[in-house]
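# Residue-level structure breakdown
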Number of protein chains: 2
Amino acid sequence: MRILSAEPLNAETPLAALEESLTPESQFFVRSHFLRPDLAPRKHFLEVVGAVEQPLRLNMADLEAMGTRTLAVTVECAGNGRTGLQPLPAGEPWVLGGVSTARWTGVPLRAVLESARLRPRVVEVLAIGADRGRPPDVAEEISFARSLPLAKARDPDTLLALQMNGRPILPEHGAPIRLIVPGWYGMASVKWLERIEVLAEPFRGYYQLGRYVYDHEDGNPPTSIRTIRVRSVIVSPQDGDAVRQGQVVVRGKAWSGEGVVVRVQIGVDGAEPSEDATLSPPISPHAWRAWEFGWDATNPGRHVLRSYATDAKGNRQPDVVRWNRYGYGNNAAQAIAITVQ
Amino acid sequence: MRILSAEPLNAETPLAALEESLTPESQFFVRSHFLRPDLAPRKHFLEVVGAVEQPLRLNMADLEAMGTRTLAVTVECAGNGRTGLQPLPAGEPWVLGGVSTARWTGVPLRAVLESARLRPRVVEVLAIGADRGRPPDVAEEISFARSLPLAKARDPDTLLALQMNGRPILPEHGAPIRLIVPGWYGMASVKWLERIEVLAEPFRGYYQLGRYVYDHEDGNPPTSIRTIRVRSVIVSPQDGDAVRQGQVVVRGKAWSGEGVVVRVQIGVDGAEPSEDATLSPPISPHAWRAWEFGWDATNPGRHVLRSYATDAKGNRQPDVVRWNRYGYGNNAAQAIAITVQ
């Protein structure tokens, strides 16, 4: 892991670990806002309150008894690639390892909401973690909390995850319960989940309106961050590597929150990208796809490779992303320089 | 050296070699447009023709007899940093090693022009190299050639260089005669110089109007590239390095074609750069200045450092440079990520 900060722990997945279809838990990126709460799974309860007919207080066994689903889901930090923005925004200095994929096993949030019986006029469902603290620009201690619109909360793939890659979730990844919101940036997948509040009006908390927003500093109101933008990374070779003349296999991953990735194009030395990489079959509608490209490295010297993913909705990675104040959503095509010997 | 292309040879100076005040000839960056002409110094002549009263044909001994000056001059390729532009323009994929400094010994071009006695209405002086070839988008074979306005040609620091760091110029650096134009990007410092043409009207050659121009693709006519933009590089530590907690010495170089560098500011983790580096005394009005900054690396984890140079004319490095079609003049502040352990 590449440590961004120790307390609270923020750490990137090493680029080489992105070769795997599923990221081992020990190498799954870690994003924390506050010091880690260590919750005892046997004593832990999830409360479901607010605009419901039947408030609930569920322990792990109650949840498991509701029936689980298992889905491979790619989770990406909204700040992943922040260090590529100019000027550099403040915030954790993620390079490209703020993304990982795991198989999450959990109870659909929908099932719990149905048990609690929503009242009329519900608009959002708020997820509150057990992690608390005081951000630098906030006067009092707050919990990490993010809301989902009702439709997304009811999506059968939005899970109250109890397991990660077939084992109980590790403390740093949100044990014992983590919300997993496929297709949305990681801030929605609230860790150390202890409370669900059903809301009749939109949530206005700090991590909803003050951070995790696109603020272009253009006078328009910031907009809340949701869906993961289409993106790809080149995993092998790595930036600065030397390779031998001849056929070079270039490998990477590509993902999008809007729809499955349908195409990855490779550009060499500043030419328009025209050649297509070969995509591996999707392992899940919510996970990255592996891709591979046979590069005919005939000319010795340094060459620049870029990869551009396109998703089923027609979204394609840009060369430059519009700068925003907190440095989110930088899905610009990555360029790596490779020397052919 | 980091080879960008083998034939013709284009190679970057390794970042570590930028620590030196003067770059050793073996590590001085190499920019070639065509295959290298190998000229025999003893048989070589420089012709001075065009709008002159007295055309000249000078051998090396004739030139040396005119009296020499020695100046430390930083030469930077106009495409240096091209790989940092998005979208990536075609062209040699320079990262940041397309810059070097040497002590050049030569005859002021002015002295030769005086010997040749310029006619009235001279506007430019054209320098033509012995290197010839056919660029991909040109129908016929051409020489590498660039012109200077008369005032710059008459600047006493514009040299017909015969030596580099006290020794005859090496073949790849333009032996036996190279024009050195302090303060201008490297395309003006014509290598393998064999002909000076004094012109009564502006030169309209390929490397004057077709390349080495800022073309913003905005409908306005491209403008010819001249002066080196203010810039700095961080030489140590290097991007991705790990350092031990405590005081870390950050070192680099800074230069500008417009005037001596008077300030280098360091920005950490996206904060406004506010702390000043200490500048070493200038070794020449035309050479980079070394700078050093004591970074108080108290917090473990990853941090991003950037350096911003300002010159005597008040020019300061930007965070982003306006994109241009051929990828020149990218003097945006460099960002490096360092892990404090």
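First, a word on scope: everything that follows refers to the structure included in this document. (Residues numbered from 1 in each chain as written. Chains lettered and ligands numbered in written order. Predicted model: local features only at pLDDT ≥ 70, side-chain atom pairs only at ≥ 80, totals over all residues. Heavy atoms only, no water.)

## Concerning helix α2 (residues 109-116) of chain A
Residues and elements named next belong to chain A. Within α2 the residues assigned to the buried category are Leu109, Val112, Leu113 and Ala116. Buried positions in α2, seen along its axis, are confined to an arc of 100 degrees and lie on one side of it. In the stretch just after α2, Arg117 is the one whose phi turns positive, near 55 degrees. (Buried < 20%, exposed > 50% of the residue type's maximum accessible area, 1.4 Å probe, protein only. Helix = DSSP H or I, 4+ residues; strand = E, 2+ residues; numbered from the N terminus. Arc of directions from axis to C-beta.)

## Some points on the sheet that holds strand β21 (residues 289-297) of chain B
All names here are of chain B. An order of β15-β17-β21-β20 is seen for the four strands of this open sheet, with the pairing classed as antiparallel. Single-partner strands in this sheet number two, and they are β15 (231-236) and β20 (278-279). Here strand β17 (residues 246-255) runs beside β21; their pairing, made up of nine bridges, is antiparallel. Among the inter-strand pairings, Gln247 is bridged to a residue of β21, identified as Asp296. (Pairing = 2+ DSSP bridges.)

## Description of the side chain of His44 of chain B
Residue and element names in this part refer to chain B. In this fold, His44 is placed in the loop between β2 (10-12) and β3 (45-50). At 2.9 Å, the side chain of His44 and the backbone oxygen of Leu193 are in polar contact. If we ignore the near neighbours within four places in the chain, the residues touching His44 are Leu39, Leu58, Asn59, Met60, Pro176, Ile177, Leu193 and Glu194. (Polar contact = N/O pair within 3.5 Å; in protein donor to acceptor, adjacent residues only side chain to side chain. Contact = heavy atoms within 4.5 Å.)

## Things to note about the interface of chain A and chain B
On the side of chain B, 26 residues touch chain A, which itself brings 27 residues to the contact. In total, about 2100 Å² of surface goes out of reach between chain A and chain B, with carbon and sulfur atoms giving 56% of it. When the buried area of chain A at its contact with chain B is split by residue, Gln86, Leu88 and Arg302 of chain A rank highest and sum to 33% of it. Between chain A and chain B we count two salt bridges in total. A salt bridge links Arg302 of chain A to Glu12 of chain B, with the nearest nitrogen and oxygen atoms 2.3 Å apart. Counting across the interface, chain A meets chain B through eight residue pairs in polar contact (both at pLDDT 80 or more). Elements with a minimum of two residues in the side of chain A that touches chain B: β1 (2-5) and β22 (301-311) of chain A. (Buried area = accessible area lost by both parts, 1.4 Å probe. Salt bridge = Lys/Arg side-chain N within 4 Å of Asp/Glu carboxyl O.)

## Overview of the sheet that holds strand β16 (residues 242-243) of chain A
Residue and element names in this part refer to chain A. The strand order across the open sheet built from five strands is β16-β23-β22-β18-β19, with neighbouring strands paired in mixed fashion. Every other strand in the sheet has two partners, leaving β16 and β19 (275-276) as the edge strands with one partner each. By the bridge criterion, two bridges tie strand β18 (residues 261-268) to β19 in an arrangement that is antiparallel. Note that in β19 the partner of Gln265 across the bridge is Asp276.

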